[in-house]
Structure formats: C-alpha cells, structure tokens
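Chains, contacts and geometry: an overview
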Amino acid sequence: MINVLVVEDDPMVAHLHEHYISQVKGFKLCDVANNGEKALKLLEQNDYDLLILDIFMPTMDGLQLLAKIREKLYDVDVIVVSAANDKDKIKQALRLGAVDYIIKPFEFERFHLAMNNYQRRRHIVEEQNIIEQSDLDQTIVRHEPQTAVSLPKGLDKNTLGTVWECIRQIDGMFTTEEVAAMVGISRVSIRKYLEFLKSLHLLKLDLHRGSVGRPVYKYLCLDKESNVLKAYIQ
C-alpha cells in the first residue's frame, strides 16, 4: 500500500483529493495538512511514500516545503497539484524533484494517470534489484492514459452511460422516478447510479418543497460536460 499525505489548504479540494485517491487501488490517504509547516511536522513524525502538494498556501508554500524536503533528504515522492501555471514555478517544482505536475482545474482522468504512472515507477525502481533499459523507459516515457476504472459492485457501465445521457437531456432538477422512467429500470436500481454520480460531484441532492404535498428530494446536474465518467464507461 502506498501511503499518501495531502498538503492542500482548500478543504473542498482536499476532500476531492481524498475521494479520488479512494478510487485508485493501492493508495491510502493517511493525513491532510493545510500548510507547509504542518506538513513538515507530519513528515518528521511519520513515513509517507507520496505527497499530493499544492503550491499556494499560507505560512510555508509548496515550493518552500519541497525545498525543505530535499534539504532534509526525506524519502518521499511529490506530485504537485496546483493552480500555479507560470513557467518559473513549474520549472522550480520539477527541478526540486516533483515526479508530476497537475494544473488545476483538472479531471479525474489526469489524476488517475499520474497515480498509475507513479505506481508503475515505484514498482520498477524500488522493487526490482536489476533494472533493464526497457523497464526504466516505462518510468520516463509518457504512456497513454489507462482509463478503465472499476465500478462499485452492482453497477453496469452500459447502464451508467445511459443514465448519464438521460440526465444530460434534463433541464433543471429531477427526481429518481423521472430518470427511472426514462432509462426503464426500477427506482431502487436507478438510485444506486444517482448516488454514484453524486459521489463524483456530478450531481447534488436537495430537498425541494412544493406548494402542496410532501417535500421531494430532487437532483441537479452540476456539470453536463464533465469527462469524469470516461474512466468508468470505456
């Protein structure tokens, strides 16, 4: 298991990292720090394999933390995930040894690719005593994304694709019953798909109060153009 420390001052982004990490096999989120100083204290007390690191943070920013990590020779790898997109910060992060750099905003596919590439690199470099050139090339040469991601038990990728296409055709809020009728499956089954889409932050669920009758829970699609589902339905 690869132990991960997330260093991110935005709670919403930190939560998104936590969710994404949980979707990639072989990784475990151990701790979250909201600035570089807290992260440094955690690094002094614990062993981590990988940092997911933001650049813009109070007290000690990501580049200062990365420099400290190299100065203290901590045995930890770093993937930068940041809105910082100017060449000087990117060059500095890479020169300080970041193994990957993801610019916010980003899609799950890019995050998943970075984690898979890191996992492959770690396996080859750290678990093989003798490394061939072809093996080493796999850690250096970029590969096409491996986008297949396992769905939760009980969900079907073809049905998920159909549910998503139906949702994209709906303007405004909708109920479980409405989507179930469009797709042609039971409300119990459709609710599993809607909850999965909600877990990916593609839907939100609100209590809708009408003028008469009981309140009804309705969903709203947050991003009809998102590519997050490609990893699950391809």
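Everything numeric here is computed off the predicted structure, so don't read it as measured data. (Residues numbered from 1 in each chain as written. Predicted model: local features only at pLDDT ≥ 70, side-chain atom pairs only at ≥ 80, totals over all residues. Heavy atoms only, no water.)

1. Considerations on the overall build of the protein
Cut-off, in case you're wondering: The helix and strand labels rest on DSSP assignments: H or I over at least four residues marks a helix, E over at least two residues marks a strand, and numbering proceeds from the N terminus. Categorising residues by exposure relies on relative accessible area from a 1.4 Å probe, with only protein chains included: less than 20% of the type maximum marks a residue as buried, more than 50% marks it as exposed, and the intermediate range marks it as partly exposed. Using a 1.4 Å probe, accessible areas were evaluated by the Shrake-Rupley method; residue-level cover was limited to the displayed protein chains. Neither His nor the chain termini are counted; the positive set is Lys and Arg, and the negative set is Asp and Glu. Taken as the charge location is NZ of Lys, CZ of Arg, CG of Asp or CD of Glu.
Within the protein, the secondary structure is distributed over ten helices and seven strands. Based on the C-alpha atoms only, the size of the protein along its principal axes is roughly 65 × 45 × 35 Å. The buried share among the 234 residues of the protein stands at 43%. Approximately 13,100 Å² of the protein is accessible, and the part contributed by carbon and sulfur atoms is 48%. The distance from the centre of the 30 positive side-chain charges to the centre of the 34 negative ones in the protein is 5 Å.

2. Points about helix H9 (residues 187-199)
For an α-helix, the turn length of 3.6 residues means that residues three or four places apart are oriented alike. Going by this rule: One less than the residue count of a helix, multiplied by 1.5 Å, gives the span that helix is expected to have. This arc is taken over the directions from the axis of the helix to the C-beta atoms. We call two residues contacting when some pair of their heavy atoms lies within 4.5 Å.
For H9, which comprises 13 residues, the first-to-last C-alpha distance of 18 Å matches the rise-based estimate of 18 Å (1.5 Å per residue) to within 8%. Among the residues making up H9, those that are buried are Ile190, Tyr193, Leu194, Phe196 and Leu197. Axial view of H9: buried residues confined to an arc of 155 degrees, hence all on one face. Against helix H7 (157-168), helix H8 (176-183), strand S6 (203-208), strand S7 (216-221) and helix H10 (230-233) lie the buried residues of H9. Of the residues trailing H9, His201 is marked for its positive phi of about 65 degrees.

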